[in-house]
Amino acid sequence: APDSMQIFVNPIPVPSFTSTEVCAGFPMDFTNTSTISSGTITNFNWTFYSIPPSVDNNENPSYTFNVGGTPGVQLQVVSDSGCIANVFQNVIVHPDPIANFSAATVCEGIQTDFSSAGAVANPDVLVGFDWNFNLGEGVDTGNAEQYPQFIFGSYGTKPVNFKVTTNFGCVSDTTIDVLVYSRPQTDFTFTNVCTGFPISFTNNSTNADGPITPLS
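As the structure is a computational prediction, the values presented were derived from the model and not from experiment.

Colleague: Would you explain the overall build of the protein chain in this entry?
Modeller: Along its length, the protein chain carries 0 helices and 19 strands. Taken over the C-alpha trace, the protein chain has a radius of gyration of 34 Å; the compact-globule value for 216 residues is 17 Å, which it surpasses by more than 25%. The proportion of buried residues among the 216 residues of the protein chain is 33%. Summarising the internal contacts of the protein chain: among those between residues at least 6 apart in sequence, 55% fall at separations of at least 24. Carbon together with sulfur atoms contributes 53% to the accessible area of the protein chain, which is approximately 13,200 Å² in total.

As structure tokens, then:
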């Protein structure tokens, strides 16, 4: 009778993983969910396709992508019998918004109009706007409008902080100095004369932050 021999074929592991959704610049947590029918998985080789690519050999690593998008991640698993399998998938990194604005230059006591130039890459959208107009004076004058208006009660350089928030909760802010001019103080004197003689007028007006021109 012919001889027979039983051959054992080691199983190939089934690689898989899950990841958290995060904003750019925050750690993303990866959870290995790979399985194998018999034996154990002994090695975990991760490749994060950022610029440049990065590798990690922990079972459940964390990695920070600094740019929003859908970067690729590969997990290679190795069993105790040396069988290898790979899985590749894209993960979601939500982009940071851009906070920017412009403001009309006006005099103290006159309404300043602010124009938001905040933006974020699709498909995320901006949902929150927060302004602080009096940082330099230690006064929190919050405003949640996208295009607000504000009246500064004094002249000078006013640091204004503008923060934007996306629908996922990613936040960015900027502080820009807004110039507010002083309002001139008008004053003059004149001489009393008889009818038919010229009256001399002297301008005594002042302006705290510069010359007054023109005069009329």
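Moving on from the model shown.
Colleague: What is the right way to read the nonpolar core from this model?
Modeller: The tendency in soluble globular proteins is for nonpolar side chains to be buried side by side. Counting 19 residues, the largest nonpolar core has Phe 17, Phe 30, Trp 46, Phe 65 and Val 73 as its most contacted members. Broken down by secondary-structure element, the contributors of at least two residues to this core are strand 3 (27-32), strand 4 (41-48), strand 7 (72-79) and strand 8 (84-90). The biggest single contributor to this core is strand 4, with 4 residues. If we skip the residues at most four places from it in the chain, Val 73 touches Phe 17, Phe 30, Trp 46, Thr 47, Phe 48, Tyr 49, Phe 65, Val 87, Phe 88, Gln 89 and Val 91.

Colleague: I'm lost on the sheet that holds strand 7 in this one. Help?
Modeller: In sheet architecture, strand pairing relies on hydrogen bonds along the backbone and comes in two forms, parallel and antiparallel. Pairing in this open sheet of 4 strands is antiparallel, and the strands run 5-4-7-8 from one edge to the other. In this open sheet, the two edge strands, each paired with only one partner strand, are strand 5 (54-56) and strand 8. Pairwise comparison of adjacent strand axes, ignoring direction, gives a mean angle of 15° for this sheet.

Colleague: I tried to follow the side chain of Thr 112 on my own but got confused; where do I start?
Modeller: With respect to the secondary-structure elements, Thr 112 resides in strand 12 (residues 111-116). Classification of Thr 112 by relative accessible area gives buried; the value is 0%. Thr 112 has contacts with Ala 103, Ala 104, Val 106, Pro 148, Gln 149, Phe 150 and Phe 152, leaving out every residue within four places of it along the chain.

Colleague: Please explain the sheet that holds strand 12 as it appears in this structure.
Modeller: As summarised here, the arrangement of the 3 strands in space is 10-12-15, forming an open sheet in which the pairing is antiparallel. In this open sheet, the two strands that pair with only one neighbour each are strand 10 (101-103) and strand 15 (149-151). Direction aside, the axes of adjacent strands within the sheet are offset by 25° on average. As defined by bridge partners, strand 10 adjoins strand 12 across 3 bridges and the pair is classed as antiparallel. Looking at the pairing, Ser 102 lines up with Ser 115 of strand 12.

Colleague: Is there a simple way to think about the state of the cysteines in this case?
Modeller: Simply put, the disulfide is a covalent bond whose two ends are the sulfur atoms of two cysteines. Taken as a whole and judged by the stated rule, the model has 1 disulfide. With its sulfur 2.0 Å from that of its partner, Cys 23 forms a disulfide with Cys 170. Every disulfide takes its handedness from the sign of the S-S torsion; for Cys 23 and Cys 170 that torsion is -100°, giving left-handed. Here Cys 23 is found in strand 2 (residues 22-23), whereas its partner Cys 170 is found in the loop between strand 16 (156-166) and strand 17 (171-181), with 147 residues between them in sequence.

Colleague: What exactly am I supposed to notice about the environment of Ile 212 here?
Modeller: Positionally, Ile 212 belongs in the segment after strand 19 (201-203). Residue classification places Ile 212 among the partly exposed positions, given a relative accessible area of 31%. On a C-alpha basis, the gap between Ile 212 and Gln 185 in space is 9.8 Å, while along the polypeptide they are 27 residues apart. When sequence neighbours within four positions are dropped, the list of residues in contact with Ile 212 reads Pro 184, Ser 205, Thr 206 and Asn 207.

Colleague: Teacher, can you tell me more about unusual backbone geometry here?
Modeller: Here the residue pair Ile 51 and Pro 52 is connected by a cis peptide bond, since its omega of -5° sits within 30 degrees of zero. Following the sequence through the fold, Pro 52 ends up in the loop between strand 4 and strand 5. Along the chain, Asn 122 connects to Pro 123 via a cis peptide bond; the corresponding omega equals 10°. With respect to the secondary-structure elements, Pro 123 resides in the loop between strand 12 and strand 13 (126-134).

Colleague: When you look at the side chain of Ser 205 in this model, what are you seeing that I'm missing?
Modeller: For Ser 205, the position within the fold is in the segment after strand 19. At 3.0 Å, the side chain of Ser 205 and the backbone nitrogen of Asp 187 are in polar contact. Reaching out from Ser 205, the side chain makes a polar contact with the side chain of Asn 203 at a distance of 2.8 Å. Apart from residues lying up to four places away in sequence, Ser 205 is in contact with Gln 185, Thr 186, Asp 187 and Ile 212.

Definitions and limits used
Chains are numbered independently. Their residues run from 1 in the order of the written sequence. In keeping with the model being predicted, local features are shown solely for residues with a pLDDT of at least 70 and side-chain atom pairs are shown and tallied solely at 80 or more, while totals for entire chains, interfaces and linings include all residues. Computation of side-chain values: all heavy atoms of the structure, hydrogens and water removed. Helix and strand definitions here come from DSSP, where helices need a minimum of 4 consecutive H or I residues and strands a minimum of 2 consecutive E residues; each element is numbered from the N-terminal end. Atoms counted for the radius of gyration: C-alpha only. Globule rule: 2.2 Å times the number of residues to the power 0.38. To sort residues, take the accessible area from a 1.4 Å probe on protein chains only and compare it with the maximum for the residue type: under 20% means buried, over 50% means exposed, and anything in between is partly exposed. We call two residues in contact when some of their heavy atoms are within 4.5 Å. Computed with the Shrake-Rupley method and a 1.4 Å probe, the accessible areas treat only the protein chains shown as cover for residues. Definition used in this section: a nonpolar core is a set of buried Ala, Val, Leu, Ile, Met, Phe, Trp, Tyr and Cys residues joined via side-chain atoms within 4.5 Å. Pairing between strands requires that DSSP locate at least two bridges from one strand to the other. Lines fitted to C-alpha atoms define the axes here, with helix axes fitted over just the stretch in contact, and angles between the N-to-C directions of these axes take values from 0 to 180 degrees. By disulfide we mean two sulfur atoms from cysteines, separated by a distance within 2.5 Å. Between N or O atoms, a polar contact is any pair within 3.5 Å; within protein, one atom must be a potential hydrogen donor and the other a potential acceptor, and residues adjacent in sequence are included only when both atoms are from side chains.

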